[in-house]
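Take a look at the letters that make up each chain.
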Amino acid sequence: MKKILAALIIPLMSGCSSDDNCCPIIEATMLFSVENSEGLDLLNPNSEAIDTNLIKIFYTNENNELVEVNKPQLDASKGYVVIVPEMDYPYSIKVFLNTEYIKDNVSYTHIEWSPHSMDEIKTEFDLSNNNIITKKIWVNNQLKWESSNDKLPITLIK
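Treat the numbers as computed from the prediction; the structure is a model and nothing was measured.

Participant: Before we move on, can you summarise the nonpolar core with the specific residues and values?
Facilitator: Residues Phe32, Ile55 and Trp113 are the most contacted members of the largest nonpolar core, which totals 26 residues. Setting aside anything within four residues of it in sequence, one finds Ile55 in contact with Leu43, Ile50, Tyr80, Ile93, Ile111, Glu112 and Trp113.

Here you go:
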């Protein structure tokens with residue numbers, strides 16, 4: 001009986017050791033607000049500027065093709081969530097960045113606002129210690145955010 005008990009307990013006690021990379025940290029989302037040149041919040045449903053139900057997120061894959069995000073098993077099945085503001089903050093969109101295909105620590109995510117408007121998000125990640133942590137964000141080839149600058153959301157002008 002003691003041998004059976006030991007055979008059951010020892011594997012349970014040997015879970016993650018300090019040498020394993022068992023518990024990665026994944027920080028791969030970004031908040032964006034969207035305004036026009038006059039400062040109007042375009043994600044606000046009262047502005048009627050952007051229909052948030054029509055937004056599409058695409059990930060660039062290993063063949064450099066855009067693949068639309070569609071994961072019905074997830075709460076954010078389309079790769080984004082619209083954040084309703086509290087107090088005087090603008091509406092924002094939380095985008096789940098492409099972690100499915102990262103090459104040389106970089107991935108590409110695209111936000112299609114309408115059939116005629118799309119932004120490219122280039123993300124550089126820190127992949128050390130089995131983690132995926134956002135380091136830098138470029139929008140349409142312009143550096144918009146670095147991990148040393150925690151100002152969020154990133155404001156996009158449309």
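Participant: Please set out the side chain of Ser92 residue by residue, giving values where relevant.
Facilitator: Position of Ser92 among the secondary structure elements: in strand 6 (residues 92-96). Once residues within four sequence positions are removed from consideration, Ser92 is found in contact with Leu31, Phe32, Ser33, Leu43, Val81, Val82, Ile83 and Pro153.

Participant: Requested: an account of the environment of Tyr108, with residues and values cited.
Facilitator: Within the secondary structure, Tyr108 is located in strand 7 (residues 106-114). Residue classification places Tyr108 among the partly exposed residues on the basis of a relative accessible area of 29%. Sequence-wise, Tyr108 and Ile121 are 13 residues apart; in three dimensions their C-alpha atoms are separated by 5.6 Å. For Tyr108, the contacting residues outside a window of four places in its chain are Phe58, Tyr59, Thr60, Asn98, Glu120, Ile121 and Lys122.

Participant: Explain the sheet that holds strand 5 (residues 80-83) to me, and be specific about the residues and the numbers.
Facilitator: Here we have four strands laid out as an open sheet, ordered 5-6-2-11, and mixed in their pairing. The outermost strands of the open sheet, each flanked by one partner alone, are strand 5 and strand 11 (154-157). Geometrically, the sheet is characterised by an average inter-axis angle of 30 degrees between neighbouring strands, direction not taken into account. Across four bridges, strand 2 (residues 29-35) lies against strand 6 in antiparallel orientation. By the bridge assignment, Met30 is partnered in strand 6 with Val95.

Participant: Before we move on, can you summarise the pairing of strand 7 with the specific residues and values?
Facilitator: Across the nine residues that make up strand 7, a large majority, seven, are buried. Pairing of strand 3 (residues 56-60) with strand 7 involves four bridges; the strand directions are antiparallel. Looking at the pairing, Phe58 lines up with His110 of strand 7. Two elements, strand 7 and strand 8 (residues 117-126), share eight bridges in a ladder whose sense is antiparallel. Of the residues in strand 8, the one forming a bridge with Tyr108 is Lys122. The hairpin turn running from strand 7 into strand 8, its antiparallel successor, is two residues long.

Reading the values: the criteria
Residues numbered from 1 in each chain as written. Predicted model: local features only at pLDDT ≥ 70, side-chain atom pairs only at ≥ 80, totals over all residues. Heavy atoms only, no water. Core = buried A, V, L, I, M, F, W, Y, C linked by side-chain atoms within 4.5 Å. Buried < 20%, exposed > 50% of the residue type's maximum accessible area, 1.4 Å probe, protein only. Contact = heavy atoms within 4.5 Å. Helix = DSSP H or I, 4+ residues; strand = E, 2+ residues; numbered from the N terminus. Pairing = 2+ DSSP bridges. Axes fitted to C-alpha atoms, helices over the stretch in contact; angles between N-to-C directions.

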